[in-house]
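Architecture at a glance
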Amino acid sequence: MPHIHEKIDFTVSLFIVHEQRVLLVHHRALEKWLPIGGHIELDEDPEQAALREAREESGLEIALLGSRPPVSEEGTRALIAPRFLDIHRISATHEHVGMIYLARVVSGDLALSEREHHAIKWCSRAELDQLQPPISNAIRWYCERALEEVGDEDDDRESSDFWESGILGE
């Protein structure tokens, strides 16, 4: 998708964890390992963008993990908060505000988006060190947090306020 604004855009990044591994893609245009993600389009909110990017780039249906305030009412819909936010420079004159979500797989079969990526890979903590080209320190940190915080899918995390998972429409 082209940039919506010449100076800044809003994006989503998804650190999807399944069976103690985090999903990364080798981005075709940027020639680096990154999480699933992309621009938030003008007709969608961050949750919709995250779910769309996961489907388009991996073939997976996911659940975003985070908390949703109980304040939805006519004209207002509370969103699941991203786990982290960052701002990163894309060029000398353009930046992205990144909404970084942790997620788990709900269903689907992993599929490579050949138009956008060279490869797609589930990575254990040890495999993060073996990726070529090496991942950035920021991507490594987010991968490690996702692996620590999401952990086993069988864990009972529903009791924690943070682990109120949600799929759009629930």
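Going by the structure above, here's the rest.
The structure presented is a predicted model; accordingly, all values stated were derived computationally and were not measured.

1. Re the overall build of the protein chain
Looking only at helices and strands, the protein chain has three helices and eight strands in total. Starting at the N terminus, the α and β elements of the protein chain follow one another as β-β-β-β-α-β-β-β-β-α-α. For the protein chain, buried positions account for 44% of its 170 residues. The contacts of the protein chain with a sequence gap of at least 6 include a subset with a gap of at least 24, amounting to 67%. When the accessible surface of the protein chain is totalled, it reaches about 9300 Å², and 50% of it is carbon and sulfur.

2. Some points on helix α1 (residues 46-58)
The end-to-end C-alpha separation of α1 is 18 Å, in line with the 18 Å expected for 13 residues at 1.5 Å each. Taking burial as the measure, the 13 residues of α1 include ten buried ones, the bulk of the element. Taken residue by residue, α1 has P46, E47, A49, A50, L51, R52, E53, A54, E57 and S58 as its buried positions. On the buried face of α1, the contacting elements are β1 (8-18), β2 (21-27), β4 (36-39), β5 (60-65), β7 (94-108) and β8 (117-123). The residue sitting at the N-terminus of α1 and contributing the capping side-chain oxygen is D45; that oxygen lies 2.9 Å from the backbone nitrogen of E47.

3. Looking at the pairing of β2
A large share of β2 lies buried, amounting to five of its seven residues. Summarising the sheet, β1 and β2 pair through two bridges and their orientation is antiparallel. Paired with V17 across the two strands is V22, which belongs to β2. In textbook terms, the turn of a hairpin is the stretch between consecutive antiparallel strands, and for β1 and β2 this stretch comprises two residues, one of which, E19, has a positive phi near 50 degrees. Where β2 lies against β8, six bridges are found, and the strand directions are antiparallel. Paired with L23 across the bridge in β8 is W122. Of the strand pairs in this sheet, β2 and strand β3 (residues 32-34) are connected by three bridges, and their pairing is antiparallel. The partner of V25 across the bridge, within β3, is L34. A loop of four residues connects β2 with β3, the two strands running antiparallel in sequence, and E31 in this loop sits at a positive phi of about 55 degrees.

4. Concerning the nonpolar core
With 21 residues, the main nonpolar core has L14, I16, I62, L64 and Y101 as its most contacted residues. Of all the secondary structure elements, the ones that give two or more residues to this core are β1, β2, α1, β5, β7 and β8. Core analysis: the next-biggest nonpolar cluster, separate from the first, contains 20 residues, L65, F84, L128 and L147 among them.

Rules used in this analysis
Residues numbered from 1 in each chain as written. Predicted model: local features only at pLDDT ≥ 70, side-chain atom pairs only at ≥ 80, totals over all residues. Heavy atoms only, no water. Helix = DSSP H or I, 4+ residues; strand = E, 2+ residues; numbered from the N terminus. Buried < 20%, exposed > 50% of the residue type's maximum accessible area, 1.4 Å probe, protein only. Contact = heavy atoms within 4.5 Å. Areas by Shrake-Rupley, 256 points an atom, 1.4 Å probe, with all protein chains shown as cover. Expected span 1.5 Å × (residues − 1). Polar contact = N/O pair within 3.5 Å; in protein donor to acceptor, adjacent residues only side chain to side chain. Pairing = 2+ DSSP bridges. Core = buried A, V, L, I, M, F, W, Y, C linked by side-chain atoms within 4.5 Å.

Take it as geometry only, folks, not as evidence of what the structure does.
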